[in-house]
Amino acid sequence: MKTAIYDAQNHRVSIEVLPDPRPGPGDLLVKVCRCGICGSDVSMTMDSPFTFASGQFGHEYSGEVIEVGRDVASHKVGDRVAVVPTVPCGACENCRRGRTMLCLDRGSASQGFGEYAVIPPKVAIHLPRSLSMADGALVEPMACGLHALNMAGFERGERVLVIGAGTMALSVVFWARRLGAGRVVVLSRSAHRAEQVMAMGADRVLGFDPDDRARVNEALGGPPHVVAECVGKAGMIGLAIDHAPAGAAVLAMGMCMHTETILPALCTFKEVRLLFPFGYTIDEFAQTARAFDSETISPDAMVTEVIALDRLPARLDAMRAGQGGGKVHVDPFA
């Protein structure tokens, strides 16, 4: 099979041919249909403070079960699944507390940038028949917004300010609206994404003016209860804290790879809760798939480009050069 391989020593991604994988007695063999390119795929395959380990990668993916190990009863050939990329041990302290993404002995199912993946059944979440494979590959990033708002203790009627208009921002907007937000306002430099942001459930999209808090509060109908930073550039967490009133939750979701300077005393005087969400629980992942099934909007409208696997290395280089443009999906069989 063809698959993308990351060489951590040289920070290089290549497309290689490996033997077709075979499932063990307790495994599933999945034909990968779509895999999204995440911002972390861009930043963690280059020379940065955090990089992936060498080997296969790709964590936003969906596919079809084409072979089932003899000990597996939960799935059958032909099942359509979205894949949770972290394989929890189920026994460590973090797993017992439901923090499966932070499992102390976790394995990886990040094999989405390849034609096939061998995974354990517990990370293969059944997709409703109404969803496309593109929808299925969006379950993973969109579950992040649900987890973030759950961490913040979000309550119905609260006002949400989202800084940025990328995939993480859309995940917060999507869930804030569905969990009953009073108002949702997005600050964005990308005017061309306004229509998509509004379709996800935002009430207003404002041009990026970091000093105009009065304008933001007017659009929200009051100061925000939750501020989600979804840009990932230096200075953005500080901006989110500036916009946060007393007692607000600030969600740092941009996963900035650079040192960030904040003024702790400002956070203290406002009792701001600064949170750094990571991923989701398996239950939140499954809840996202169910939410997609019940929605009138089509999540796959977020996808702006579908490319063949052979184009992945060049597309990652282009994204590092600032040529993003939206959610890009890889079709390994295109």
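Above this text is the structure in question.
Just so we're clear, the structure is a prediction, and the values are computed from it rather than from any experiment.

Next up on the list: the packing of aromatic side chains. On inspection of all chains with the given rule, the structure shows seven aromatic pairs. Ring centres of Phe57 and Phe113 lie 5.1 Å apart, and the angle between their planes is 75°; this geometry places the pair in the edge-to-face category. In this pair, Phe57 sits in the loop between strand 4 (55-56) and strand 5 (60-68) while Phe113 sits in the loop between strand 8 (107-108) and strand 9 (116-119), placing the two residues 56 residues apart along the sequence. Looking at Phe57, the relative accessible area reads 3%, which means it is buried. With a centroid separation of 5.6 Å and 70° between ring planes, the pair formed by Tyr116 and Phe333 is classed as edge-to-face. Here Phe333 lies in the segment after strand 18 (327-331) and Tyr116 lies in strand 9, a separation of 217 residues in the sequence.

What follows concerns the side chain of Lys327. The residue Lys327 is located in strand 18 in this model. Within polar-contact distance, the side chain of Lys327 engages the side chain of Glu60 at 2.9 Å. Among all residues touching Lys327, those that are not within four sequence positions of it are Gly36, Ile37, Cys38, Glu60, Leu138, Thr167, Met302, Val303, Thr304 and Glu305.

Because an α-helix completes one turn every 3.6 residues, residues spaced three or four positions apart along the sequence face the same direction. Turning to helix 6 (residues 213-220), its buried residues number three or more, namely Val216, Ala219 and Leu220. Viewed end-on, helix 6 has its buried residues packed into an arc of 100°, placing them on one side of the element. Turned more than 90 degrees off the buried face of helix 6, the exposed positions are Ala214 and Glu218. Buried positions along helix 6 lie against strand 11 (159-163), strand 12 (183-188), strand 13 (204-207) and helix 7 (236-243). A positive backbone phi angle near 80° is found at Gly221, which sits one or two residues after helix 6.

A few words on the environment of Leu274. As for its position among the elements, Leu274 is in strand 16 (residues 273-275). Its relative accessible area of 28% is what places Leu274 among the partly exposed residues. Each C-alpha atom, one on Leu274 and one on Ile241, is 8.3 Å from the other, the two residues being 33 residues apart in sequence. Once residues lying within four places of it in the same chain are set aside, the contact partners of Leu274 are Ile237, Ile241, Val250 and Ile262.

What counts and how
- Residues numbered from 1 in each chain as written.
- Predicted model: local features only at pLDDT ≥ 70, side-chain atom pairs only at ≥ 80, totals over all residues.
- Heavy atoms only, no water.
- Phe/Tyr/Trp six-rings, centres within 6.5 Å; stacked < 30°, edge-to-face > 60°.
- Helix = DSSP H or I, 4+ residues; strand = E, 2+ residues; numbered from the N terminus.
- Buried < 20%, exposed > 50% of the residue type's maximum accessible area, 1.4 Å probe, protein only.
- Polar contact = N/O pair within 3.5 Å; in protein donor to acceptor, adjacent residues only side chain to side chain.
- Contact = heavy atoms within 4.5 Å.
- Arc of directions from axis to C-beta.

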